Amino acid sequence: MAAAAGPHAGAAAEARFISSAKGKGLFATRNIRKGETVFVERPVVSSQFLWNALYNYRACDHCLRALETAEENAQRLLGKSSLVLPHPEQCSIRKDLHQQCPRCQVTYCSAECRQAALEQYHQVLCLGPSRDDPTHPLNKLQEAWRNMHYPPETSSIMLMARMVATIKQAKDKEWWIKAFSQFCNKTANEEEEIVHKLLGDKFKGQLELLRLLFTEALYDEYLSRWFTPEGFRSLFALVGTNGQGIGTSSLSQWVHACDALDLPMLEREELDAFIDQLYKDIEKESGEFLNCEGSGLYVLQSCCNHSCIPNAETSFPENNFLLHLTALEDIEAGEEICISYLDCCQRERSRHSRNKILRENYLFTCSCPKCLAQADDADVTSDEEEEGEGETDDAELEDEMTDV
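What comes next is a walk through the structure.

**Brief notes about the overall build of the protein chain**
- If you tally the helices and strands in the protein chain, you get 15 helices and twelve strands.
- Dimensions of the protein chain, computed from the C-alpha atoms along their principal axes, are close to 65 × 60 × 45 Å.
- For the protein chain, the share of sequence-separated contacts (at least 6 apart) that also reach a separation of at least 24 residues comes to 72%.
- Averaging the coordinates of the 40 positive side-chain charges in the protein chain and doing the same for the 66 negative ones gives two points 7 Å apart.

**Things to note about the pattern of salt bridges**
- Summed over all chains, the structure comprises 14 salt bridges.
- Close ionic contact of E68 with R76 constitutes a salt bridge, the shortest N to O distance being 2.8 Å.
- Between R268 and D272 there is a salt bridge, with the nearest N and O atoms lying 3.1 Å from each other. You can see R268 and its partner D272 sitting in helix α11 (residues 265-286), four residues apart, about one turn around the helix.

**Observations concerning α11**
- Taking 1.5 Å per residue, 22 residues should reach 32 Å; α11 reaches 31 Å between its end C-alpha atoms and fits that length.
- Within the sequence span of α11, burial applies to R268, L271, I275, L278 and I282. For α11, the angular spread of the buried residues around the axis is 90°, confining them to a single face. Turned more than 90 degrees away from the buried face of α11, the exposed residues are M265, L266, E270, K280, E283 and K284.
- In this structure, the buried residues of α11 make contact with α2 (70-78) and α10 (250-259).
- Downstream of α11 by one or two residues, G287 has phi in the positive range, about 70°.

**Description of the packing of aromatic side chains**
- Inspection of the entire model under this criterion finds 13 aromatic pairs.
- Pairing W176 with F180 gives two aromatic rings, centres 6.0 Å apart and planes at 40°, and the pair type is tilted. Note that W176 and F180 are positioned in helix α6 (residues 173-181) at a spacing of four residues, about one turn of the helix. In this pair, the class of W176 matches that of F180, namely buried.
- Three or more aromatic residues joined by ring pairs form one cluster here, namely W145, F214, Y219, F227, F232 and F236.
- In this arrangement the basic side chain of R76 is found over the ring face of Y57, its NZ or CZ atom lying 4.3 Å from the centre.

**Some points on the environment of H122**
- Locating H122 in the fold gives a position in helix α3 (residues 111-125).
- A relative accessible area of 6% means that H122 is categorised as buried.
- The residues contacting H122, other than those within four sequence positions of it, are C101, C104, V106, Y108, A117 and Q169.

**Looking at the pairing of strand β2 (residues 23-28)**
- For β2, a buried count of five out of six residues is recorded, marking the element as mostly surrounded by other parts of the structure.
- Adjacent in sequence and paired antiparallel, strand β1 (residues 13-19) and β2 are bridged by three residues.
- Note: β2 against strand β12 (residues 336-339), two bridges, orientation antiparallel. Across the sheet, L26 pairs through a bridge with I337, a residue of β12.

**Comments concerning the nonpolar core**
- By size, the foremost hydrophobic cluster in this structure holds 89 residues, and its most contacted members are I157, F214 and F236.
- Here the element with the most residues in this core is helix α5 (residues 157-169); it accounts for nine residues.
- Among residues more than four places away in sequence, those in contact with F214 are L141, I157, M160, A161, V164, Y219, F227, F232 and L235.
- The next biggest cluster of nonpolar side chains, apart from the first, holds 21 residues, and it includes A74, C91, L251 and V255.

**Overview of the sheet that holds strand β10 (residues 312-315)**
- Spatial ordering of the open sheet is given by β3-β11-β10, a layout of three strands whose pairing is antiparallel. What marks the edges here is a single partner per strand, and that holds for β3 (37-41) and β10. Put simply, the sheet's adjacent strands are angled 15° from each other on average, direction ignored.
- Where β3 lies against strand β11 (residues 323-327), four bridges are found, and the strand directions are antiparallel. Each bridged residue has a counterpart across the sheet, and for F39 the counterpart in β11 is L325.

**Some details on the packing of helix α8 (residues 203-218) against helix α9 (residues 229-242)**
- Running from amino to carboxyl end, α8 crosses α9 at an angle of 100°, the nearest separation of the two axes being 10 Å. Here α8 is positioned roughly perpendicular relative to α9, judged by the angle of their axes. Residues L207, L210, R211 and F214 of α8 form the contact with α9, whose participating residues are P229, F232, R233, L235 and F236.
- A breakdown of the residues in the contact of α8 with α9 according to their chemical character gives seven nonpolar, no polar and two charged.

Rules and cut-offs
Residues numbered from 1 in each chain as written. Predicted model: local features only at pLDDT ≥ 70, side-chain atom pairs only at ≥ 80, totals over all residues. Heavy atoms only, no water. Helix = DSSP H or I, 4+ residues; strand = E, 2+ residues; numbered from the N terminus. Contact = heavy atoms within 4.5 Å. Lys, Arg positive; Asp, Glu negative; His and termini not counted. Charge placed at Lys NZ, Arg CZ, Asp CG, Glu CD. Salt bridge = Lys/Arg side-chain N within 4 Å of Asp/Glu carboxyl O. Expected span 1.5 Å × (residues − 1). Buried < 20%, exposed > 50% of the residue type's maximum accessible area, 1.4 Å probe, protein only. Arc of directions from axis to C-beta. Phe/Tyr/Trp six-rings, centres within 6.5 Å; stacked < 30°, edge-to-face > 60°. Lys NZ or Arg CZ within 6 Å of the ring centre and 35° of its normal. Pairing = 2+ DSSP bridges. Core = buried A, V, L, I, M, F, W, Y, C linked by side-chain atoms within 4.5 Å. Axes fitted to C-alpha atoms, helices over the stretch in contact; angles between N-to-C directions. Parallel < 35°, antiparallel > 145°, perpendicular 65-115°, else oblique. Nonpolar A, V, L, I, M, F, W, Y, C, P; charged D, E, K, R; others polar.

Structural data, given as structure tokens:
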């Protein structure tokens, strides 16, 4: 179930080294048409966010496929159990295929996912009858993380736990260590900045507490360097830097399926009005947290550099962890494929505003064609932009990370 360490046969893109300052980038190996899927990629490892799971966003414990039907999803988000969705046949959720781990009762969308998890990491992480025991080392680790990293979530300690568990279970441990070593590394100062961003001002004490709990739960002699203060900080920063947000939603899937229906004009207008009102009502009740959310490590996607005028975007149209990279415009062979780390609204802000967000969250200054063309613009932001920056950065970045 591992992601390939490079492009599969006939892939439209490949990773290439650019420079020591910029690292790797993703480049087209042939001409790619606008709207074309550049690649579909499975993560090396992934995990649902802990608060997201605690708030009953039910997802497959392996692939993050939403487990609720579209109607159940809408009922929960709306707080209205009597809601009935039209066209229920457009919901793709197959509850008859769902399976649980017989020991700890975590739920999977299929026998294939249960088996894949068991073979890769779940033998190490299965809590068995201790699932609800607050004194179990893994439960203590998860509770500590929840108390340090509140929504909107951008990472999870369990992604690191699954990395360790994967290597502990593996027969070919060096293959997995090499797979994880492909991801971008940072300097010691940059690592501290990333940890600070994820944990806040008391990050040094909190990082040490996490390291001790992580060691108690998962220590392995073969990986002893990951449990030292420096090694744990590096592992933490690797996940913080390279983790790609994942968003899945059975309701979103149902909406897309309804959009594709060939309906008489009046019926189409009624359905569109129903869906528009449904989303407005859900926003009032649940805010912007609509999806099952988590993060994963993707080998090819992690090579995509940022541009304020991206020529590709990531999405999760299959309602699971399979990442689709889609061309936003025609891309010529040899051209770099770039995504945006900012959402649509942020990309419309001034160069100064965009780079402020990028420096704070990703530790770099953008030199894309748009930023270079605006290089002589004043390094100031309007009052309106400054007001917007203070209240939306983390939530908007999370939305951009997890587009379904």
